2 protein chains.
Amino acid sequence: MKRISFLLVGVVGVAGAFAFRAPASGPADQASVPVFVTQIPPGYRNWRLISVAHEEGNLHSFAAVLGNDVAIQAYREGTLPFPDGTFIASLHYQHVPSAENNTVFGRDQSFVPGSPTNIQFMVKDSTKYAATGGWGFGFFIDGKPVDEAKMTSCYPCHAQEKTRDLVFTRYAP
Amino acid sequence: MKRISFLLVGVVGVAGAFAFRAPASGPADQASVPVFVTQIPPGYRNWRLISVAHEEGNLHSFAAVLGNDVAIQAYREGTLPFPDGTFIASLHYQHVPSAENNTVFGRDQSFVPGSPTNIQFMVKDSTKYAATGGWGFGFFIDGKPVDEAKMTSCYPCHAQEKTRDLVFTRYAP
């Protein structure tokens, strides 16, 4: 079983290091099985602003990143790692020009959110999500969770942000 | 005095039309004198998200637009005009590339908020701000209100958005 665990570590990046930091309550092997966030946390649209983001390339995506009270307090106090109970939501929209605003400005300069594209969540529970650095990742399109293959892609990317507990977004004052 | 009033209307656009919609409690002439928001409303950073925006041209600006409870309720229920007590904040930042994120993505695509540049407010009080469509406009740099000439520029621009009570930003779901 040890060999299989090592293979999993290879697949998901540095899962082992985070699993050790936040041990699961179950047997050690359970800690290496990723668990995803498959229910949209209620009330997320009322959470407060962490920051905004814009991805170009082939994404043309706007993000509004919101956090629940635990998240906002941790951000403002600089608490790392984020405590259990932290919820972070990243609401994505198409990044589209605003013809209406451009008319007022008298030139093409204004971009606004178009249709919503997806919502992503990070939920901190160092026991439940021990296999993925204490974070549960969720990815929803049209209110429905994406398939497991796509969910699995979240963690290896976030695992590269080791110095800030796997969270890319910084707090905008 | 009538002539002076007309001149003011000329300067600030269609102030007259809005002043008539929401008459001031004082003498008629008072309604044509713009009053600005010169104190930052407390607690604005805890307001909820209305939407995000991005201005290019020579601005390279990110905006996070937040609203108090009255604003959020009005947006969600589609209430127009916005009721007295509506507060809307537009937090502006430089729109800058994120070298850190681009390293993870493996290409240049990611933009995040840089330094804060200014914060703008719209406050609905149809009596106090009768001269400017019932909205008080505020514009702050480094926590300080800008000079009156700059404050004066807010209203004529917003006055062009007649169909949505002078508010450009739409609610992002």
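Residues numbered from 1 in each chain as written. Chains lettered and ligands numbered in written order. Predicted model: local features only at pLDDT ≥ 70, side-chain atom pairs only at ≥ 80, totals over all residues.

**What about the interface of chain B and chain A?**
- Contact residues are listed per partner, giving 29 residues for chain B and 29 residues for chain A.
- Residue assignment for the side of chain B that touches chain A shows that the elements contributing at least two residues are β1 (48–55), β2 (61–67), α4 (99–105) and β4 (110–124) of chain B.
- When residues of the side of chain B that touches chain A are assigned to their parent elements, the largest contribution, seven residues, is made by β1 of chain B.
- Its residues assigned to classes, the side of chain B that touches chain A comprises 17 nonpolar, eight polar and four charged.
- Where strand β1 (residues 48–55) of chain A lies against β4 of chain B, two bridges are found, and the strand directions are antiparallel. Following the sheet pairing, His-54 of chain A is matched in β4 of chain B by Phe-111 of chain B. (Contact = placed C-beta atoms within 7 Å. Helix = DSSP H or I, 4+ residues; strand = E, 2+ residues; numbered from the N terminus. Nonpolar A, V, L, I, M, F, W, Y, C, P; charged D, E, K, R; others polar. Pairing = 2+ DSSP bridges.)

**Regarding the relation of the copies chain B and chain A**
- Turning chain B through 180 degrees and shifting it by 0.0 Å along the axis lays it on chain A, with an RMSD of 0.0 Å. The operation mapping one copy onto its partner corresponds to a two-fold rotation axis. Taking the C-alpha atom as reference, chain B places Arg-48 of chain B closest to the rotation axis, 2.7 Å from it.
- When you check the interface residues of chain B against chain A, 100% turn up at the interface there too, and the contact is symmetric in its surfaces. (Least-squares fit on C-alpha atoms with pLDDT ≥ 70 in both.)

**A look at unusual backbone geometry**
Residue and element names in this part refer to chain A.
- Following Leu-80, the chain continues into Pro-81 via a peptide bond in cis, with omega recorded as -5 degrees.
- Relative to the elements of secondary structure, Pro-81 occurs in the loop between α3 (69–77) and β3 (87–97).
- With phi around 50 degrees, Asp-142 is a residue other than glycine that occupies positive phi space.
- Position of Asp-142 among the secondary structure elements: in the loop between β5 (135–141) and β6 (144–145).

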